[in-house]
Amino acid sequence: MTIELNAYPDTTALDLALAGRLAETLNEGLALNGEATFAVSGGRTPGGFFRALSRHELDWSRVTVTLADERCVEESDPSSNARSVRENLLQGSASAARFVPLHIPGENRDTMIERIGRLPARFDAVVLGMGDDAHTASIFPDSPQRDAALAPDAPDILAAEGKPPVRERLTLSARRLLATRMLFIHITGIGKWQVLGQAAAAPGAQQPISYFLNHRTTPAHVFWTL
Ligand SMILES: O=C(O)[C@H](O)[C@@H](O)[C@H](O)[C@H](O)COP(=O)(O)O
């Protein structure tokens, strides 16, 4: 288990640095495979990072972006992670990227599973956030779906019970999220830093984030600021 820690003086420096690292990772994927695919998280933290990444000149037409999780709402809803990606990341030259949402209102479950199953088996990058309760994506420590989402044989995607603002969610499983060339964890604030440290020190604990900090084959790259 290796954890690379990258600390920054403020959120602006953090967002610029993480965006630069993502652009580098995506360019590596483009050079290696002619395409690149990554999954990002929602919430309040990543907006500045999305805007910084959108300003990087990449061959975005060969890049696919999807979500680590989604709230089951219309894209017009302020809680929609897809809305945040479209408004903050898919702008400028990055608007040429292909976006694969998790939740399409009215789509039946089998069609959704089949659509997500068509994503490349291994992402070039996954960017996870974390809640103060050590949840990540929509894998919550006290959710009835926690064990199913963390199971080594979990499906790619599953319905999950989250917390307000939206309880009904979809989440990629830990297994699917860990199938990535690079894993980034993006957090701000001393509270989350302390939660992350406790989780890292307790391998196999019940906190969902700890499954991503102690994984035997996918090192975690933590980008954080107080
Ligand atoms: O849909 C979501 O809510 C996110 O994917 C979730 O996992 C998020 O990363 C954390 O809840 C942190 O959220 P904040 O960035 O708002 O603190």
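Reading the values: the criteria
Residues numbered from 1 in each chain as written. Predicted model: local features only at pLDDT ≥ 70, side-chain atom pairs only at ≥ 80, totals over all residues. Heavy atoms only, no water. Pairing = 2+ DSSP bridges. Helix = DSSP H or I, 4+ residues; strand = E, 2+ residues; numbered from the N terminus. Axes fitted to C-alpha atoms, helices over the stretch in contact; angles between N-to-C directions. Buried < 20%, exposed > 50% of the residue type's maximum accessible area, 1.4 Å probe, protein only.

## Some thoughts on the sheet that holds strand S9 (residues 180–188)
- One open sheet holds the seven strands; their spatial order is S1-S10-S9-S6-S2-S3-S5, and the pairing between them is parallel. With partners counted over all chains shown, the strands left at the sheet margins are strand S1 (3–8) and strand S5 (98–100), one partner each. Direction aside, the axes of adjacent strands within the sheet are offset by 20° on average.
- As judged from the six bridges shared by S1 and strand S10 (residues 220–225), these two strands associate in the parallel manner.

## As for the pairing of strand S8 (residues 168–172)
- Across the five residues of S8, four count as buried, placing the element largely inside the fold.
- By the bridge criterion, five bridges tie strand S7 (residues 157–161) to S8 in an arrangement that is antiparallel. Note on S8: the bridge partner recorded for Ala160 is Arg169.
- Here S7 folds back onto S8 in antiparallel fashion, the turn holding six residues.

## So, the sheet that holds S7
- In space, the three strands of this open sheet follow the order S4-S8-S7, with antiparallel pairing throughout. The sheet terminates laterally at strand S4 (69–71) and S7, the two strands that pair on one side only. Taking each pair of neighbouring strands and ignoring which way they run, the sheet shows an average axis angle of 25°.

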